[in-house]
Amino acid sequence: MATRSAYKRFSELLPKEERENACSARVPKSQILTLPELRANPFQHRICRVFSTSDDGDDSMSFEDFLDMLSVFSDSATSEIKSHYAFRIFDFDDDGTLDRRDLEKLVDCLTGQGEESRLSNAEMEQLIQNILEESDIDKDGTINLSEFQHVVSRSPDFASSFKIVL
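Keep in mind that this is a model prediction, so the values were computed, not measured. (Residues numbered from 1 in each chain as written. Predicted model: local features only at pLDDT ≥ 70, side-chain atom pairs only at ≥ 80, totals over all residues. Heavy atoms only, no water.)

1. Digging into the packing of aromatic side chains
By the definition in use, this model includes ten aromatic pairs. Through pairs of rings, three or more aromatic residues link up here, namely Phe 51, Phe 73, Tyr 85, Phe 158 and Phe 162. (Phe/Tyr/Trp six-rings, centres within 6.5 Å; stacked < 30°, edge-to-face > 60°.)

Structure, rendered in structure tokens:
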């Protein structure tokens with residue numbers, strides 16, 4: 001996406017009186033989440049958290065943060081970059097590994113939190129066990145970045161499906 005059109009989209013998220021200084025402004029997370037491309041994304045809050053450089057922990061975004069996000073989700077980003085950020089998005093507790101809690105939250109995001117779509121405890125346990133058996137190469141009970149990237153490298157659709165087009 002051209003920087004000019006990204007700048008236009010970013011500035012449109014700001015109040016009118018702040019648009020002239022969009023380069024130095026921060027857009028609140030609540031406004032970022034109004035983007036149609038993020039509105040239906042089950043990982044919308046994690047995406048804001050991972051790309052925000054806010055010192056306040058409010059997940060607001062600067063124009064640079066916004067550009068970084070668009071760059072990672074663009075067709076031109078490499079599979080390695082996409083998988084690195086996917087890993088960070090799925091690492092809900094930001095500890096550098098995907099453990100059982102992260103995997104459970106990941107499955108909940110993908111299946112929905114409603115009672116009718118939620119997996120039973122036995123189904124969740126079986127699914128997490130299958131994921132770990134497939135992905136946890138060093139058998140430490142967690143998935144690290146290189147293990148995650150190894151799994152993703154065997155998924156030809158990953159790079160094309162990990163995108164947001166504005």
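2. Some details on the pattern of salt bridges
In total, this model carries twelve salt bridges according to the counting rule given. A salt bridge links Asp 59 to Arg 49; its shortest N-O distance comes to 2.8 Å. With Asp 59 in the loop between α4 (44-51) and β2 (61-62) and Arg 49 in helix α4, this residue pair connects regions lying ten residues apart in the sequence. Given a relative accessible area of 5%, Asp 59 falls into the buried group. Arg 49 sits in the partly exposed class, given a relative accessible area of 39%. For Glu 134, the salt bridge goes to Arg 154, with nearest N and O atoms at 3.1 Å. One end of the pair, Glu 134, is in helix α8 (residues 121-135); the other, Arg 154, is in the loop between α9 (145-153) and α10 (158-161), and 20 residues separate them in sequence. When its relative accessible area of 46% is taken as the criterion, Arg 154 is described as partly exposed. (Salt bridge = Lys/Arg side-chain N within 4 Å of Asp/Glu carboxyl O. Helix = DSSP H or I, 4+ residues; strand = E, 2+ residues; numbered from the N terminus. Buried < 20%, exposed > 50% of the residue type's maximum accessible area, 1.4 Å probe, protein only.)

3. Focus: the packing of α4 against helix α6 (residues 79-90)
It is at 9 Å that the axes of α4 and α6 come closest, and there the two elements cross at 115 degrees. For the element pair α4 / α6, the angle class is roughly perpendicular. Along this stretch, α4 crosses α6, giving a crossing that reads as right-handed. Residues Arg 46, Ile 47, Val 50 and Phe 51 of α4 lie in contact with α6, whose contacting residues are Tyr 85, Arg 88 and Ile 89. A per-class count over the contact of α4 with α6 returns five nonpolar, no polar and two charged. (Axes fitted to C-alpha atoms, helices over the stretch in contact; angles between N-to-C directions. Parallel < 35°, antiparallel > 145°, perpendicular 65-115°, else oblique. Left-handed = near helix turned anticlockwise from the far one by under 90°. Contact = heavy atoms within 4.5 Å. Nonpolar A, V, L, I, M, F, W, Y, C, P; charged D, E, K, R; others polar.)

So, to be careful, I would describe these as geometric facts and stop short of saying anything about function.
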